[in-house]
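Examination of the molecular architecture
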Amino acid sequence: MANGPDDVILDWDAVDWRACEDDVRRLRQRIFKAAQAQDWAKVRNLQRLMLRSRSNTLLSVRQATQRNAGRKTAGVDGKVALTSQARAEVAIEVHRGARSWQPRPAKRVYIPKANGKQRPLGIPVIMDRCHQGRVRNALEPEWEAKFESRSYGFRPGRSCQDAVEMLFTTLRGKRTKRAWILDADLAAAFDKIDHSHLLQVLGSFPARGMIRDWLKAGVFEAGKGFAPTVEGTPQGGVISPLLLNVALHGLEQAAGVRTSSAPSCAGRTLRNAPVLVRFADDFVVCCYTKQQAEQVKARLAEWLEPRGLAFNEEKTRVVHLDEGFDYLGFNIRRYPIGKLLIKPSKASIKRHRERLSAELRSLRGSNKRAVIARLNPIIRGWAAYYRGVVAAEVFKHIDSHMWRLTYKWACHSHPKKSKHWITNRYFGKFNKFRNDHWVFGDHDSGTFLVKSSWTEIARHCLVRGGASTDDPTLAEYWATRRRRVKPPLDGYTLRLLAKQDARCPLCGEHLLTPDQPPQSPWTGSGGGSTSSVAR
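One structure accompanies this document, and this report is about it. (Residues numbered from 1 in each chain as written. Predicted model: local features only at pLDDT ≥ 70, side-chain atom pairs only at ≥ 80, totals over all residues. Heavy atoms only, no water.)

With respect to the overall build of the protein chain
For clarity, the cut-off: The helix and strand labels rest on DSSP assignments: H or I over at least four residues marks a helix, E over at least two residues marks a strand, and numbering proceeds from the N terminus. In this description the radius of gyration comes from C-alpha coordinates, and the expected globular size is given by 2.2 Å times residues to the power 0.38. Any residue under 20% of the maximum accessible area for its type is buried, any over 50% is exposed, and the rest in between are partly exposed; the area is computed with a 1.4 Å probe on protein chains only. Whether two residues are in contact is decided by their heavy atoms: any pair within 4.5 Å suffices.
Within the protein chain one finds 18 helices and 13 strands. What you see for the protein chain is a C-alpha radius of gyration of 25 Å, in line with the 24 Å of a compact globule of 535 residues. Along the first, second and third principal axes, the C-alpha set of the protein chain runs to 75 × 65 × 50 Å. Counting over 535 residues, the protein chain shows a buried share of 53%. Relative to all contacts within the protein chain whose residues are 6 or more apart in sequence, the contacts with residues 24 or more apart total 67%.

Some thoughts on the side chain of Asn 431
This is how it is decided: Here a polar contact is taken to be a pair of N or O atoms separated by no more than 3.5 Å, where protein atoms must pair a possible hydrogen donor with a possible acceptor and residues adjacent in sequence count only if both atoms sit in side chains.
With respect to the helices, strands and loops of the structure, Asn 431 is situated in the loop between β12 (427-428) and β13 (439-440). Look at Asn 431 and you get buried, because its relative accessible area is 8%. Of the polar contacts made by the side chain of Asn 431, one reaches the backbone nitrogen of Phe 433; its length is 3.0 Å. Sequence-distant contacts of Asn 431, that is, excluding residues within four places in its chain, are made with Phe 448 and Trp 454.

Topic: empty space enclosed by the protein
How we decide: Detection works on a 1 Å grid of protein atoms alone, calling trapped sets that fit a 1.4 Å probe cavities and calling open sets with protein on both sides within 12 Å along at least five of seven lines pockets, with lining residues defined by an atom within 4 Å of a point. Grid points are joined across faces, edges and corners, and a volume is the space filled by probe spheres set on the points. For this scheme, ten residues count as nonpolar: Ala, Val, Leu, Ile, Met, Phe, Trp, Tyr, Cys and Pro. Four count as charged, namely Asp, Glu, Lys and Arg, and the remainder, Gly too, count as polar.
In the structure shown here, the tally under the stated rule is five cavities of 30 Å³ or more. Computed from the structure, the second largest cavity encloses a volume of approximately 120 Å³. Breaking the lining of the second largest cavity down by element, the ones donating at least two residues are α5 (126-144), α9 (208-216) and α10 (240-247). For the lining of the second largest cavity, the leading source of residues is α9, giving three residues. Residue composition of the lining of the second largest cavity, grouped by class: nine nonpolar, four polar and two charged.

Focus on the environment of Val 76
Within the secondary structure, Val 76 sits in the loop between α3 (54-67) and α4 (84-96). Using a relative accessible area of 37% as the deciding quantity, one classes Val 76 as partly exposed. Distance in space between the C-alpha atoms of Val 76 and Arg 108 is 9.0 Å, their sequence separation being 32 residues. If we ignore the near neighbours within four places in the chain, the residues touching Val 76 are Pro 105, Ala 106, Lys 107, Val 125 and Phe 220.

Remarks on a nonpolar patch on the surface
Quick note on the threshold: Patch membership is restricted to residues that have no salt bridge and whose relative accessible area is over 30%. Joining uses 9 Å for like charges and 5 Å for the nonpolar side chains Val, Leu, Ile, Met, Phe, Trp and Tyr. In short, Shrake-Rupley with a 1.4 Å probe defines the accessible areas, and a residue's cover is counted only from the protein chains shown. For salt bridges, the criterion is a side-chain nitrogen of Lys or Arg within 4 Å of an Asp or Glu carboxyl oxygen.
A cluster of nonpolar side chains, namely Val 76, Phe 220 and Phe 226, defines an oily patch on the protein surface of about 280 Å² accessible area. With respect to the element layout, Phe 226 can be found in strand β5 (residues 225-227). Phe 226 sits in the partly exposed class, given a relative accessible area of 49%.

Focus on the sheet that holds strand β3 (residues 180-185)
Operational definition: Think of it this way: DSSP has to see at least two bridges between two strands before they count as a pair. Fitted lines through C-alpha atoms give the axes, limited to the stretch in contact for helices. The angle between two N-to-C directions lies from 0 to 180 degrees.
Taken together, the four strands give an open sheet; going across it, the order is β6-β7-β3-β8, and neighbouring strands pair in antiparallel fashion. In this open sheet, the two strands that pair with only one neighbour each are β6 (275-279) and β8 (317-320). Adjacent strand axes in the sheet meet at a mean angle of 20 degrees, parallel and antiparallel pairs treated alike. Pairing geometry for β6 and strand β7 (residues 282-287), over five bridges, is antiparallel. In the strand pairing of β7, Val 277 is matched with Val 284.

Describing the pairing of strand β11 (residues 340-344)
Note: strand β10 (residues 330-334) against β11, five bridges, orientation antiparallel. Along β11, the bridge assignment pairs Arg 333 with Leu 341. Connecting the antiparallel pair β10 and β11 is a turn made up of five residues, with Gly 338 showing a positive phi of about 90 degrees.

A short note on the environment of His 197
Relative to the assigned elements, His 197 resides in helix α8 (residues 195-202). Sequence spacing of His 197 and Val 277 is 80 residues, and the spatial spacing of their C-alpha atoms is 23 Å. Apart from residues no more than four positions distant in its own chain, His 197 is found in contact with Pro 306 and Arg 307.

Topic: the nonpolar core
Just so we agree on the cut-off: Only buried residues count toward a nonpolar core, which is a set of Ala, Val, Leu, Ile, Met, Phe, Trp, Tyr and Cys residues joined through side-chain atoms within 4.5 Å.
The biggest cluster of nonpolar side chains holds 134 residues, and the ones touching the most others in it are Ile 211, Leu 300 and Phe 325. Here this core takes nine residues from helix α14 (residues 368-386), the largest share from any one element. Not counting residues up to four positions away in its chain, the partners in contact with Ile 211 are Val 135, Leu 139, Leu 199, Leu 202, Phe 205, Ile 239 and Leu 243.

Some thoughts on the packing of α8 against α10
Pairs of packed helices are described in terms of their axes, by the angle between the two and the distance that separates them. Selection rule: Orientation categories follow fixed angle ranges, with anything under 35 degrees roughly parallel, anything over 145 roughly antiparallel, 65 to 115 roughly perpendicular, and all other angles oblique.
Interaxial distance between α8 and α10 falls to 10 Å at its minimum, and their mutual angle equals 85 degrees. Comparing the axis directions of α8 and α10 gives the class roughly perpendicular. Mapping the contact onto sequence places Leu 198, Val 201 and Leu 202 in α8 and Leu 243, Val 246 and Ala 247 in α10. The residue inventory of the contact of α8 with α10, partitioned by class, reads six nonpolar, no polar and no charged.

Looking at the environment of Pro 228
Summarising the element assignment, Pro 228 is placed in the loop between β5 and α10. A C-alpha to C-alpha distance of 30 Å links Pro 228 and Arg 67, two positions 161 residues apart in sequence.

As far as function goes, none of this settles anything; it's purely spatial.
Listed below in structure tokens is the structure:
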């Protein structure tokens, strides 16, 4: 049952998670279909049913307290739920207080940005995170039926690779005419969203009042106390990315993008119209002339103003494709031979090298296993992110950098030992599937440090234009897409994955899901981690 009595004693470890997922998936699909048909009365009724759903509550609590990487980070109340009993208590409290819950202020923390500045995050309390997950499951399917086809950020089944692949599809070829690029970035988009406009767009959504309370809840910063929020939605909130997408819906139309409605070429951009590709608040507009790019920028600036948003003039520029531009960590450029190449950007390579160097310095005094355990997820994740572009030479460069770092680390650990002793102790042919005798590893346990160049370069398969994981008519499409994508794993692990039918041996869930982008780093806890594959 989707719903149930409030006074039931919950055994967290005995919950049938597959049944809960089926309940929520069916409700999301019904909301999606009703939104497609523009039957808004039915949409609102189904959204109320989702907000009352016990399965929705359980899944939202599990996501916030068990799966998310920030599950150990407390809000202003200092509470987390890291045991089965604690999670069961949170689930009961969330379900009982679904209608009467009053949002708490978010805890303000800062994380460093690539440009040396700090990005403000707002960490909600654990109860707010669970409630936001419930509300997102009710709101997201409605907007999935509305969102533009070239919006890829923070949407199920879509990833950075889809945005980059769409740019490749648009700009490839020697004779491409959309060679002028508006490389745009919004200034503090999350922090500047206009509340009144956003709430107006949400319309009669049943949990609109709760979203308003989250927006107005304020933040608490150590040493400064409480501060009210009159604009923006805090980064760190579960529902904030969805609200940003809602606020930016209509950006393509404002830019002058026009698509064909003919059945044979539905969704194809018309001639002389620009193409806009967006990932959250970072977007690129491909135009025919520099003048058209400037006109698009002016129109978008006017459109963004009532939403409380504006361009970041330092990062927004109009460039020619032959000059190239960076987007989502990739460098996209048409070279003199007339060929478009997409590579990891120099800034991204530099950040990755610096991170690896910093990690090795912090691991001085540790043993080999600690080094391998710390660095393998970082190396695998970075290589998996860039495996769909021209990155083979970059991967070799990173491997050379890693060899120098590990050799230097070993020499620091044994300053009185000879080079021959160090190489025999720390390097060898640890990977039986590779004829490489210079792999850093541990002879006792057999574990070793992976190399970026072992990740096979594989072209990313672009998601279909308006495809949504909530569309019940596309269930076979998403199942086929999941089977077709080869994850960035070694042959041995791939065979294990196939033997297990791509399911976790403990809970039976799919290890490859549409919600997990197939080429994202496999190091998180979002359902795609290889740690569940039987050893």
